[in-house]
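So the chains spell out like this:
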Amino acid sequence: MDRDTPHYASVKTRIKGHGRISSSLESQPVYRGFTGMKKHPAEELDDSKVPEWLRVYVTELDRKLDQLLGMQSKKDLKQDFPIDIEIIKISGNGMTFRSDSVTAPCIMEIVAEIEQIPLRLAGAKGRVKAGKKDNYWVMKFEKIREHDLESIIQFVFSEQREIIRTEKLG
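The following refers to the structure shown. Just so it is clear, the structure is predicted and the values come from calculations on it, not from any experiment.

## Focus: the environment of Arg63
Mapping Arg63 onto the fold places it in helix H1 (residues 52-80). A sequence separation of 55 residues divides Arg63 from Pro118, and the C-alpha atoms of the two residues are 7.5 Å apart.

In structure tokens:
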């Protein structure tokens, strides 16, 4: 391993993803993502004179709208990223996934469904190589935006914390 390349922790998982074959790593990505707001809009109401019942109502309405927008986004995503993938292992460096549609080493752009409700996505581009089993593939992230990398790292830490909690209770 290259000493200058950061090494990220990985976690086994089973999350959905979507992919498309890309012509090169330098081509413009189809998935542009959303950098998101730093804090939830309802937090702005904390210091206001808005009644508590109205804050609760607005927050719940916002959550439901997120669900509806997430469902619509998934439909649009399937058009741009026709290859279904199941992510088996993920880290900030790359991932291992399963797909019947990938046939040879190639360059792919993927979008991983980090969370389903509200829908939280992370996109990346990289070279795909054959894995150890049939229909298993390994992708090293070579082009990934900082926000997407941060989302993946947060997901990995969250999953690791859940594993530790489960082991302590079990």
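## Looking at the packing of aromatic side chains
A complete count under the given rule lists zero aromatic pairs for this structure. Directly above the aromatic system of Tyr136 lies the positively charged group of Lys133, at a separation of 5.3 Å from the ring centroid.

## With respect to the pairing of strand E1 (residues 10-21)
Bridge count for E1 against strand E2 (residues 83-91) is eight bridges, and the pairing is antiparallel. Its bridge partner being in E2, Lys12 is matched across the sheet by Lys89. Pairing analysis gives five bridges linking E1 to strand E4 (residues 106-115), with the strands arranged antiparallel. In the sheet register, His18 faces E4, and the bridge partner there is Val111.

## Points about the pattern of salt bridges
All told, the structure shown has eight salt bridges when counted by the stated rule. Arg20 is the partner of Glu109 in a salt bridge, and the nearest nitrogen-oxygen pair spans 2.8 Å. In this pair, Glu109 is assigned in strand E4 and Arg20 in strand E1, connecting sequence segments 89 residues apart. Each of the two residues, Glu109 as well as Arg20, counts as buried. Notably, a salt bridge pairs Arg98 with Glu86, separated by 2.4 Å at the nearest N-O pair. Remark: Glu86 occurs in strand E2 and Arg98 occurs in strand E3 (residues 94-98); sequence separation between them is 12 residues. Using a relative accessible area of 27% as the deciding quantity, one classes Arg98 as partly exposed. The class for Glu86 is buried, based on a relative accessible area of 19%.

Scoring rules and cut-offs
Residues numbered from 1 in each chain as written. Predicted model: local features only at pLDDT ≥ 70, side-chain atom pairs only at ≥ 80, totals over all residues. Heavy atoms only, no water. Helix = DSSP H or I, 4+ residues; strand = E, 2+ residues; numbered from the N terminus. Phe/Tyr/Trp six-rings, centres within 6.5 Å; stacked < 30°, edge-to-face > 60°. Lys NZ or Arg CZ within 6 Å of the ring centre and 35° of its normal. Pairing = 2+ DSSP bridges. Salt bridge = Lys/Arg side-chain N within 4 Å of Asp/Glu carboxyl O. Buried < 20%, exposed > 50% of the residue type's maximum accessible area, 1.4 Å probe, protein only.

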